[in-house]
There are 2 protein chains.
Amino acid sequence: MTTLPGPTVGVVGGGQLGRMLGEAASPLGVDLVVLDPTPDCPANRVANQIVGEFDDPSAVAELAELADVLTYEIELADPGSLLDTGVPVHPAPETLRVTGDKLVEKRAVVEAGVPTADFRQVDDADDLARAVDELGEVMLKARTGGYDGRGNCPVGPGDDYEAALDVVAPDGDWRREDAAGADALAEAMVDFERELAVIGVRGAGGERALFPVTETVHHEEILRVTTTPPRTGNVVVERAQSVVRDVLDGLEGRGVVGVEMFETSDGKVLFNEAAPRPHNSGHWTIEGAHTSQFEQHLRAVLGWPLGPTQRRCETASANLLGDVDVPKSARLSGVDRALGATGAHLHWYGKREARPLRKMGHLTVTGGDDEGPPLSRAEDLAAAATFVDKETAETGTER
Amino acid sequence: MTTLPGPTVGVVGGGQLGRMLGEAASPLGVDLVVLDPTPDCPANRVANQIVGEFDDPSAVAELAELADVLTYEIELADPGSLLDTGVPVHPAPETLRVTGDKLVEKRAVVEAGVPTADFRQVDDADDLARAVDELGEVMLKARTGGYDGRGNCPVGPGDDYEAALDVVAPDGDWRREDAAGADALAEAMVDFERELAVIGVRGAGGERALFPVTETVHHEEILRVTTTPPRTGNVVVERAQSVVRDVLDGLEGRGVVGVEMFETSDGKVLFNEAAPRPHNSGHWTIEGAHTSQFEQHLRAVLGWPLGPTQRRCETASANLLGDVDVPKSARLSGVDRALGATGAHLHWYGKREARPLRKMGHLTVTGGDDEGPPLSRAEDLAAAATFVDKETAETGTER
């Protein structure tokens, strides 16, 4: 039986996902405490904060002291430290071991019968040469730690395989005779028609739910916009849902999981990757679904009843990325039109420094009001927002 | 030009209105600091807090030190202290002087040509006798400090006028020869068909906007439910909007104003009272309108563009009041059905103690999903929520 005030949820990580978890926690009567090394982290305006490294066992223990249940919003969380505290952790830290290693993750989904692009383990240049030989052009990826395209490198026949390995394993250790290897994998390039994503959730007592399928658009491997419903057919939507159900089956513990997929030109849906936490592709749910992915994650982690996941209306979101060449103090302008636009909702993550392509915020546009399609409106309104000082840009001079 | 991260807003008062302001501030990149005497006040999970009395000049000065602009969410804020800091205050403290005194407020709206129930100043039993003589049955009200029906007393011909004055001016000072009087007013009883409310807003540069008209239902003078749109005709809706526009004209400064009105049996709309702050009758806007009253208040106070005020869908809200006989530690149960219901949204205010009829939270239900009318669903779901320990209630024994 759910009672309020709710318990305290401890979160490893206090970035934008932690901040939006905090925004969702307050109306539910749930208190949040986050562990993050940055003293003024995005979440700290809406949560208590312990300043410490994500994987510092004593900091994790301190977090557990304050929490009734633990979760994480960053994959750098350390499964061992989390398990050691004795406080329940959701999703299960074992899930982090799987999704935190792209090779282990791919093997797990293949075992669960989920279709995915062909892939090979790559520990040295010979492995990579063989992979290219067998798969054609591949995306070489670091097994751990990569995000937003970092640690990824496209490789084709005749390329410099050693140089490619240096991109994904930059410390060069893989060259040493006694090294375990480059810890990489090579995935066959997918000629996809579009990318799809779904936020799935596992609740208490085996309860499962999926949020509606969304279409995601990436440039330079960074998510730029989402649009829901996706611009594809029902058969593809059902295939995507089937993939996510199978992925959920293979994971342990409670919580939301963001699953990214490819739709191929012949209408197949291939698993790409999964993250056992709220995901950028689900930010649209804050205004666009009956429950947000953040509220849903808290409900699941707490063992509360899951919320309804239906779409309220057609919805698009656009990321507000740092459009600067070098890091600078964050000052976003050009948002007046978005603030005045019907159905437009600005989300700021509280990061003090804008960096090139850093996720600084996002903009969601809901539809159904005769103002036009949410996707083009979101793109248009987001394009006007900038971290570049207008006067500097116009005159081309530094001040 | 609006830029993010936004400035810091200082708020006198950190109750549920402060908490919901904090929830609205975070996505906007606005920081909130509240002044409240209760160390663990509802707003302090989502805002910084200065612990101090609402009207303590040094505490208000401390708040101003941290803030770029000041506002208030409680009418106990002291206009003089606010003006003394030199930091801009919105709405204008002068507005607080008007709306904080029901007699001054009524005179002001009459001067602005707004229809309202007839009223008389009452300082002693003779005044009250004359008022009853002229107006028939009246509602005797304390001019200042009353809320949720406290400080109100219905009085008819032949009643004990002195006893009635003791209800609204309980210190008995009004009986003293040298006293200024009972500081009360008597209002003619209104035979109303229903009650209506509107959140109006004044922005920068004279910009004005109204949220849609909502219907409110009170019992024992405490708001229980709201339903939007109201169950009345267009002519009445337009009259209500006209009243609110006139009230906005009479107020100074920027911010939202909650205006409560009566619809009489012959379709007239009479002004009842106004509060220059977010108002209980506007909580439905969080999920039911394109901008919430809390976000709108922040935008207005900051001089940002106002947000669109249209309704997203039919929406109802129900207050979760303390259903206890005596104060007890707050523990709300019976919310599982609400948590699982489509379009239902639970809001908890973080108050640690449940008291009889205290506002502890609210529940909003949005419509348009074939689940039934939002109002009956909200009433039904809220009725299941209780602060009474089920086992105690069933056995009738204390544990």
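Note that this is a predicted model, so its numbers are computed, not measured.

> Go over the packing of helix H1 (residues 16-25) of chain B against helix H10 (residues 293-302) of chain B with me, naming the residues and quoting the values.
All names here are of chain B. H10 packs onto H1 with a crossing angle of 75 degrees between their chain directions and a minimal axis gap of 8 Å. The orientation of H1 relative to H10 falls into the category roughly perpendicular. Here Leu-17, Met-20, Leu-21, Ala-24 and Ala-25 of H1 come into contact with H10, specifically with Phe-294, Glu-295, His-297 and Leu-298.

> Requested: an account of the pattern of salt bridges, with residues and values cited.
The full count for this structure, using the stated rule, is 51 salt bridges over all chains. Of the charged contacts in the structure, one is a salt bridge between Arg-224 of chain A and Glu-220 of chain A, with a shortest N-O distance of 2.9 Å. For Arg-224 of chain A, a relative accessible area of 19% gives the class buried. We classify Glu-220 of chain A as exposed; its relative accessible area is 59%. Here the salt bridges share partners, and the residues they tie into one network are Asp-31 of chain A together with Asp-40, Arg-45 and Arg-352 of chain B.

> Tell me about the relation of the copies chain A and chain B, and name the residues and values.
Between chain A and chain B, the superposition needs a rotation of 180 degrees and an axial shift of 0.0 Å, giving an RMSD of 0.0 Å. Here the symmetry operator amounts to a two-fold rotation axis. Proximity to the rotation axis, assessed at the C-alpha, singles out Val-46 of chain A in chain A; its C-alpha lies 2.2 Å from the axis. A share of 100% of the interface residues of chain A reappears at the interface of chain B, consistent with the copies meeting face to face through the same patch.

> Explain the sheet that holds strand S1 (residues 8-12) of chain B to me, using residue names and the numbers behind them.
Residue and element names in this part refer to chain B. If you trace the four strands from one edge of the open sheet to the other, you get S3-S2-S1-S4, paired in parallel fashion. Sheet topology places strand S3 (48-51) and strand S4 (69-72) at the edges, where each strand pairs with a single neighbour. Across this sheet, the average inter-strand angle for adjacent strands is 25 degrees, counted without regard to direction. In terms of strand pairing, strand S2 (residues 31-36) meets S3 through four bridges, oriented parallel. If you follow Val-34 over to S3, its bridge partner there is Gln-49. Docked against the sheet, H10 engages S1, S2 and S4, running at close to 140 degrees with respect to S4.

> Tell me what's going on with the interface of chain A and chain B, and back it up with residues and numbers.
Between chain A and chain B, the contact holds 45 residues from the first and 45 residues from the second. Buried area between chain A and chain B, summed over both chains or domains, comes out near 4000 Å², and the portion from carbon and sulfur atoms is 51%. Where chain A meets chain B, there are four salt bridges. With a shortest N-O distance of 2.1 Å, Asp-31 of chain B and Arg-45 of chain A are connected by a salt bridge. Seen at the junction of chain A and chain B, the total is 18 residue pairs in polar contact (both at pLDDT 80 or more).

Definitions and cut-offs
- Residues numbered from 1 in each chain as written.
- Chains lettered and ligands numbered in written order.
- Predicted model: local features only at pLDDT ≥ 70, side-chain atom pairs only at ≥ 80, totals over all residues.
- Heavy atoms only, no water.
- Axes fitted to C-alpha atoms, helices over the stretch in contact; angles between N-to-C directions.
- Helix = DSSP H or I, 4+ residues; strand = E, 2+ residues; numbered from the N terminus.
- Parallel < 35°, antiparallel > 145°, perpendicular 65-115°, else oblique.
- Contact = heavy atoms within 4.5 Å.
- Salt bridge = Lys/Arg side-chain N within 4 Å of Asp/Glu carboxyl O.
- Buried < 20%, exposed > 50% of the residue type's maximum accessible area, 1.4 Å probe, protein only.
- Least-squares fit on C-alpha atoms with pLDDT ≥ 70 in both.
- Pairing = 2+ DSSP bridges.
- Buried area = accessible area lost by both parts, 1.4 Å probe.
- Polar contact = N/O pair within 3.5 Å; in protein donor to acceptor, adjacent residues only side chain to side chain.

These values are about where atoms sit, not about what they do.
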